[in-house]
Each structure stands twice: as C-alpha cells, then as structure tokens.
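As a plain string of letters, each chain reads:
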Amino acid sequence: MTEPRITLVVAVAQNGVIGRDNGLAWHLRSDLKRFKALTMGKPMLMGRKTYQSIGRPLPGRRTLVLTRDPAFAAEGVEVVHDWPGALAAARGAEELMVVGGAEIYRLALPQADVIHLTEVAGVYEGDTRFPAFDRAAFRETAREAHAAGEHDESAFAFVTLERIR
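Residues numbered from 1 in each chain as written. Predicted model: local features only at pLDDT ≥ 70, side-chain atom pairs only at ≥ 80, totals over all residues. Heavy atoms only, no water.

In this section: the sheet that holds strand β7 (residues 114-120). Ordered by their spatial adjacency, 8 strands build an open sheet running β5-β4-β3-β6-β1-β7-β10-β9, and the pairing between neighbours is mixed. Strands at the two margins of the open sheet, each flanked by one partner only, are β5 (78-80) and β9 (138-146). In this sheet, neighbouring strand axes are inclined to one another by 25° on average, regardless of whether the strands run parallel or antiparallel. Inspection of the sheet shows strand β3 (residues 44-47) paired to strand β4 (residues 63-66) by 4 bridges, in the parallel sense. Looking across to β4, one finds that Met-46 is bridged to Val-65. Helix-sheet contacts for helix α1 (residues 29-39) involve β1 (5-13), β3, β6 (95-98), β7 and β10 (156-163), and the interaxial angle to β10 is about 30°. (Pairing = 2+ DSSP bridges. Helix = DSSP H or I, 4+ residues; strand = E, 2+ residues; numbered from the N terminus. Axes fitted to C-alpha atoms, helices over the stretch in contact; angles between N-to-C directions. Contact = heavy atoms within 4.5 Å.)

Okay, the side chain of Thr-160 next. Relative to the helices and strands, Thr-160 is located in strand β10. In this structure Thr-160 comes out as buried when scored by relative accessible area, which is 13%. Excluding residues within four positions of it along the chain, Thr-160 makes contact with Arg-34, Val-114, Ile-115, His-116, Arg-139, Glu-140, Thr-141 and Ala-142. (Buried < 20%, exposed > 50% of the residue type's maximum accessible area, 1.4 Å probe, protein only.)

The next point concerns unusual backbone geometry. A cis amide bond, omega 0°, links Gly-100 with the succeeding residue Gly-101. Checked against the element boundaries, Gly-101 lands in the loop between β6 and α4 (102-108). Even without being glycine, Asp-21 reaches a positive phi, approximately 50°. Note that Asp-21 resides in the loop between β2 (17-19) and α1. With relative accessibility at 64%, the residue Asp-21 sits in the exposed group. Despite not being glycine, Asn-22 shows a phi value in the positive range, around 65°.

Next up on the list: the pattern of salt bridges. By the definition in use, this model includes 11 salt bridges. The shortest N-O distance in the salt bridge between Glu-103 and Arg-68 comes to 3.3 Å. Here Glu-103 is found in helix α4, whereas its partner Arg-68 is found in the loop between β4 and β5, with 35 residues between them in sequence. Residue class for Glu-103 comes out partly exposed when judged on its relative accessible area of 41%. Across the pair Arg-165 and Asp-113 runs a salt bridge, and its minimum N-O distance is 2.1 Å. Here Asp-113 lies in the loop between α4 and β7 and Arg-165 lies in the segment after β10, a separation of 52 residues in the sequence. Taken together, the shared-partner salt bridges in this structure form one network comprising Arg-5, Lys-42, Glu-94 and Glu-95. (Salt bridge = Lys/Arg side-chain N within 4 Å of Asp/Glu carboxyl O.)

Right, let's get into the pairing of β3. Neither face of β3 is left uncovered, since the one carrying Met-44 and Met-46 and the one carrying Leu-45 and Gly-47 both have all their residues buried. Across 2 bridges, β3 lies against β6 in parallel orientation. By the bridge assignment, Met-44 is partnered in β6 with Met-97.

The next point concerns the side chain of Ser-154. Examined against the element boundaries, Ser-154 turns out to sit in the loop between β9 and β10. Overall, the relative accessible area of 6% leaves Ser-154 in the buried class. When near neighbours in sequence (up to four residues on either side) are disregarded, Ser-154 contacts Leu-28, Val-120, Ala-121, Tyr-124, Ala-147 and Ala-148.

In structure tokens form, the structure reads like this:
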C-alpha cells in the first residue's frame, strides 16, 4: 500500500491567526462549505483540541485524532499517538486531509503535498497561529477571491498551493 498524498486545509488571517479560544476567530460560511467539499469521503487528521472544539466526528469522513494522551478515546474516531501512526492509519487512502490545529500542521508541513489555504482578509485576535513555512517550496495553482457578504463576515481568497518537486 502506498502513502497518501498529504493535504492541509486551513484558513489563515493576514496576521497568521487560525483560531481563538479553541474555535474559529471568524465566520465564513463559504469556507465551511469548501472544507466539507474538500474533506468529504477522505480520512481527516486533527489534534485532540481541534476534535474537542468540533465535539463530534464529522459525517462522511474517517476522523483520526492525534494525541499524546494515552487515555483519550472518543466514539466514532480512530486515535493515533504520533505522525507515523497517523500515516499508517491512512495508508491505502489516496489523500490524508490534515485539518489542524497548529501542532498538527507543524508536524505535517514538511511532508505536505498540497495546501488548500483560505486567506482571510484582516487581522484577527487569536491564540493559535499557522506555523511559518517556506512558501517558495510551493507553486500557487489556483486562486479564487471572494468579497465579504451576508454569510461571510470578511473578504477571503481560496488558494491552492502545490509543492514543487
């Protein structure tokens, strides 16, 4: 069996913020719809804190929760305790969707093949930031700009970055 393609899905404000108080720092319905479309039917890897902020496994996706806590268990999820364990759990899948938080992104970034990035316009207060990475190692292959609207409190752009091989 082959290793899956590693794909990160993340929304980041201009100041690098990805979250506040174990939740989202903004409300973008369009981004939530895109997240669902990108991850549906695929294994999703998230950290324990991200899982607990969601509060349940998301329908139609295998949920892998990475935690150092050996006692952590949750109904409907697969618990893994390190990056190699996460890769082993996703073996055979075409793509592993890495969906946060910051520590999990930090682990996955060196092996990321694709980043589906939502660039959120504006500076937001937050306590969680996306880790620094070498953007020059990636080629932007798609960009779709959106204005703020009735269900999206901020302007944003959907950007696809693919690792240059």
